[in-house]
Amino acid sequence: RPALRLIGAVEEENPAGRELETVSFAPFVAAYKKGETLPTLSVPETVRPAIEKSAIETWGKPPVTITLRECDHAPYRNSNVEEWLKLAKWLQDQGEAVVILRDTAFADMPLDGFQIYPPASQNLLIRAGLYSIAKCNLFVANGPATLAFFMDRPFLMFNELREEAMYWANTEAGWRHF
């Protein structure tokens, strides 16, 4: 429901529209290849200016975001937090402002020496607002990464492909399907 505001939609009791029978992005790729305009997400004007102001006051410039996946379901898909923190430290050493968005269940748990931003971990509109002003957004394959697919901001998503993966989307065949 919160995502409806990102596409300018309103909730209706009996909605009409396109329903997809897949969770893959293949229909979007096919539409793009046909020359169709792809949907984009827009952060409401009531949110974005406040996020920009907060970012400048907090970090002095647009940050690089690192979004962690730390779920108790399918933990083999989780972020390697130790490695992400090494990258965060390296980015800080290069002069970047880095903000780490923890999984919602861990939103308020600090990461020693690193800036977290719990409101973005707990509120989709704030998360999208932060992504919309970030210098770059970094992800593993997770739900929040899909926001970046439909925004006009730089992002990198890392997904380890393994044929023996328990999750089909982490195989080469699964990745090609998407």
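Our structure is the block above this text.
Bear in mind the structure is a predicted one, so any value in this text is a computation, not a measurement. (Residues numbered from 1 in each chain as written. Predicted model: local features only at pLDDT ≥ 70, side-chain atom pairs only at ≥ 80, totals over all residues. Heavy atoms only, no water.)

Caption draft 1: Representation of the side chain of Ser-121 within the structure. Relative to the helices and strands, Ser-121 resides in helix α4 (residues 118-122). When sequence neighbours within four positions are dropped, the list of residues in contact with Ser-121 reads Leu-101, Arg-102, Thr-104, Ala-107 and Arg-127. (Helix = DSSP H or I, 4+ residues; strand = E, 2+ residues; numbered from the N terminus. Contact = heavy atoms within 4.5 Å.)

Caption draft 2: Spatial organisation of the nonpolar core. Judged by nonpolar contacts, the single largest core of 23 residues is most densely connected at Leu-6, Trp-59, Leu-101, Tyr-117, Leu-130, Leu-147 and Met-151. Here this core gets five residues from one element, more than from any other, and that element is helix α5 (residues 124-133). Non-local contacts of Met-151, meaning those with residues more than four positions away in its chain, are made with Leu-41, Val-43, Ala-128, Tyr-131 and Ser-132. Membership of the second largest hydrophobic core comes to 15 residues, among which are Ile-66, Leu-91, Leu-111 and Leu-138. (Core = buried A, V, L, I, M, F, W, Y, C linked by side-chain atoms within 4.5 Å. Buried < 20%, exposed > 50% of the residue type's maximum accessible area, 1.4 Å probe, protein only.)

Caption draft 3: Just the side chain of Arg-69, in detail. Secondary-structure assignment places Arg-69 in the loop between β1 (64-67) and α3 (81-93). Of the buried charged residues, Arg-69 lacks a salt bridge, with Asp-103 as the closest side chain of opposite charge at 5.7 Å. Engagement of the side chain of Arg-69 in a polar contact is seen with the backbone oxygen of His-73, the distance being 3.4 Å. Polar contacts involving the side chain of Arg-69 include one to the side chain of Asn-78, which spans 2.6 Å. When near neighbours in sequence (up to four residues on either side) are disregarded, Arg-69 contacts Ala-74, Arg-77, Asn-78, Ser-79, Asp-103, Val-140, Ala-141 and Asn-142. (Lys, Arg positive; Asp, Glu negative; His and termini not counted. Salt bridge = Lys/Arg side-chain N within 4 Å of Asp/Glu carboxyl O. Polar contact = N/O pair within 3.5 Å; in protein donor to acceptor, adjacent residues only side chain to side chain.)

Caption draft 4: Representation of a nonpolar patch on the surface. Nonpolar side chains collect at one region of the surface, where Tyr-76, Met-166 and Tyr-167 lie side by side and expose about 320 Å² of accessible area between them. Structurally, Tyr-167 can be placed in the loop between β5 (155-158) and α7 (172-177). We classify Tyr-167 as partly exposed; its relative accessible area is 32%. (Patch = residues over 30% accessible without salt bridge, like charges linked within 9 Å, V, L, I, M, F, W, Y side chains within 5 Å. Areas by Shrake-Rupley, 256 points an atom, 1.4 Å probe, with all protein chains shown as cover.)

Caption draft 5: The environment of Pro-63, seen in detail. Mapping Pro-63 onto the fold places it in the loop between α2 (48-59) and β1. Judged by relative accessible area, Pro-63 falls into the buried class, the value being 0%. For Pro-63 and Ala-97, which are 34 residues apart along the polypeptide, the C-alpha to C-alpha distance reads 4.7 Å. In contact with Pro-63, not counting residues within four places along its chain, are Ala-55, Ala-97, Val-99, Leu-130, Ile-133, Ala-134, Lys-135 and Cys-136.

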